[in-house]
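# Per-entry structural report
If you want the building blocks of each chain, they are given just below.
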Amino acid sequence: AYNLTKHNINVISGLALGIDTNAHLGCLMNKGKTIAVVAHGLDMIYPTQNINLANEIIEKGGAIISEYLGVLAKDETIGLLLKSYTLFPLVMSTI
């Protein structure tokens, strides 16, 4: 992900531990934009080990998105998260 970001390629990945986490971190290390797609509402971050990563993604101009309805969360621990009901417009805007 770090090398892809050098070529203005954005990262879109899940927020699971392992390859998803590393893809986002590599992108952020190279000042790229990244989007995390979560499989639940935006009223939580799971796994909780990635709360700081989720905040960094938002702070650096990325997004956390989900197709699930949920409470839009504004909290000290998870920041203000973007709610989206479809991935297509966001994916197309990153190409």
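Residues numbered from 1 in each chain as written. Predicted model: local features only at pLDDT ≥ 70, side-chain atom pairs only at ≥ 80, totals over all residues. Heavy atoms only, no water.

All right, on to helix H2 (residues 19-29) then. Looking at H2, one finds that the buried residues are Asp20, Thr21, Ala23, His24, Gly26, Cys27 and Leu28. The elements touched by buried residues of H2 are helix H1 (2-5), strand E1 (11-13), strand E2 (34-37) and helix H3 (51-59). Just beyond H2, the residue with positive phi is Lys31, at close to 60°. (Buried < 20%, exposed > 50% of the residue type's maximum accessible area, 1.4 Å probe, protein only. Helix = DSSP H or I, 4+ residues; strand = E, 2+ residues; numbered from the N terminus. Contact = heavy atoms within 4.5 Å.)

So, on to the pairing of E2. Relative to E2, E1 runs parallel, the two sharing 3 bridges. Paired with Ile12 across the strands is Ile35, a residue of E2. Since E1 and E2 lie parallel, the crossover through H2 that links them has a hand, and here it is right-handed. Relative to strand E3 (residues 63-65), E2 is paired through 3 bridges, and the arrangement is parallel. Looking at the pairing, Val37 lines up with Ile65 of E3. (Pairing = 2+ DSSP bridges. Right-handed = clockwise from strand over helix to strand, strands pointing away.)

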